[in-house]
Amino acid sequence: MPTDEPELVGVVLVEPEEARILVSLADQLQALLAEALESPIDDDSAVRRVLPDAYRHEPELADEWRRLSRRGLVDRKIGFARSLSTALAPVASEGVARSVPLTMDAALDWVRGIGDLRLVIADRMGIIVDGDEGSFGEPGLRDVYDWLAWMQDGIVQVLEAHETDAADGGAA
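Residues numbered from 1 in each chain as written. Predicted model: local features only at pLDDT ≥ 70, side-chain atom pairs only at ≥ 80, totals over all residues. Heavy atoms only, no water.

Details of the overall build of the chain
Across its full length, the chain holds 5 helices and 2 strands. Along its sequence from the N terminus, the chain presents helices and strands in the succession β-α-α-α-β-α-α. Its C-alpha atoms give the chain principal-axis dimensions of about 50 × 40 × 30 Å. Looking at the chain as a whole, 37% of its 172 residues qualify as buried. Expressed as a percentage of contacts within the chain between residues at least 6 apart in sequence, the contacts between residues at least 24 apart total 72%. When the accessible surface of the chain is split by element, carbon and sulfur atoms take 54% of a total near 10,400 Å². Here the chain holds 16 positive side-chain charges and 34 negative ones, and the gap between their average locations is 6 Å. (Helix = DSSP H or I, 4+ residues; strand = E, 2+ residues; numbered from the N terminus. Buried < 20%, exposed > 50% of the residue type's maximum accessible area, 1.4 Å probe, protein only. Contact = heavy atoms within 4.5 Å. Areas by Shrake-Rupley, 256 points an atom, 1.4 Å probe, with all protein chains shown as cover. Lys, Arg positive; Asp, Glu negative; His and termini not counted. Charge placed at Lys NZ, Arg CZ, Asp CG, Glu CD.)

In structure tokens:
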């Protein structure tokens with residue numbers, strides 16, 4: 001019998017300090033993106049990285065794309081970050097480690113939100129491509145960047161395992 005409940009793909013055990021950091025970062029990302037909607041020009045290189053031009057070598061097409069789709073893209077990216085902060089706020093405020101259930105949609109939102117956070121942090125550190133060490137940044141920022149990569153990878157592995165299990169179950 002079908003159910004309206006979204007299927008659970010996994011759980012993430014989150015410590016309160018981890019939750020506080022992620023909530024803070026996700027809230028900052030939401031604010032950064034909301035500010036980007038208010039300005040017609042991206043003065044912040046991190047915003048340009050999270051919201052790149054669709055047509056790099058054709059300014060007229062890039063302007064049209066930005067005009068037609070920017071709000072929707074920013075709203076979706078804010079939603080990804082909000083998914084993180086909403087799910088983790090109770091853990092951050094309760095001060096007790098907790099397992100946070102992830103549905104497929106939530107897991108995808110987390111992967112995307114964490115990816116956007118990593119892009120902003122990479123920009124702040126001067127990381128241009130994977131493998132760069134970066135040339136500047138706040139102390140400990142590299143640790144946060146690497147921790148987010150580890151977390152993102154873990155969620156991707158859960159998604160891949162779920163997909164494999166679903167495929168194996170469907171073939172039987």
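Points about helix H4 (residues 104-125)
The end-to-end C-alpha distance of H4, which contains 22 residues, comes to 31 Å, matching closely the 32 Å that a straight helix rising 1.5 Å per residue would cover. For H4, the tally of buried residues reaches 16 of 22 residues, placing the bulk of the element in the interior. Directly beyond the C-terminal end of H4, a positive phi value near 85° is found at glycine 126. (Expected span 1.5 Å × (residues − 1).)

Digging into the packing of aromatic side chains
Taken as a whole and assessed by the stated rule, the structure comprises 0 aromatic pairs. Between arginine 118 and the ring centre of tyrosine 145, over which it is positioned, the NZ or CZ distance is 4.3 Å. (Phe/Tyr/Trp six-rings, centres within 6.5 Å; stacked < 30°, edge-to-face > 60°. Lys NZ or Arg CZ within 6 Å of the ring centre and 35° of its normal.)

Some words on the pattern of salt bridges
Summed over all chains, the structure comprises 8 salt bridges. Of the charged contacts, one joins lysine 77 and aspartate 116 as a salt bridge, the two residues approaching to 2.9 Å between their closest N and O atoms. Linking lysine 77 in helix H3 (residues 59-94) with aspartate 116 in helix H4, this pair joins segments that are 39 residues apart in sequence. No difference in accessibility class separates lysine 77 from aspartate 116, as the two residues are buried. Residues joined by salt bridges that share partners form a network here, namely Asp44, Asp123 and Arg124. (Salt bridge = Lys/Arg side-chain N within 4 Å of Asp/Glu carboxyl O.)

As for the nonpolar core
The biggest cluster of nonpolar side chains holds 44 residues, and the ones touching the most others in it are Leu51, Leu88, Trp110, Leu148 and Ile155. Within the residue set of this core, elements represented by two or more residues are strand E1 (8-14), helix H1 (16-38), helix H2 (45-50), H3, strand E2 (98-103), H4 and helix H5 (141-171). Ranked by the residues each element gives to this core, the list is headed by H4, at 10 residues. In this structure, leucine 88 is in contact with Val14, Ala19, Leu22, Val23, Val100 and Trp110, ignoring residues within four places of it in sequence. (Core = buried A, V, L, I, M, F, W, Y, C linked by side-chain atoms within 4.5 Å.)

So, the environment of aspartate 42
Within the element layout of this structure, aspartate 42 appears in the loop between H1 and H2. Judged by relative accessible area, which is 15%, aspartate 42 ranks as buried. Discounting residues that sit within four places of it in the chain, aspartate 42 has contacts with Val47, Arg48, Leu51 and Arg70.

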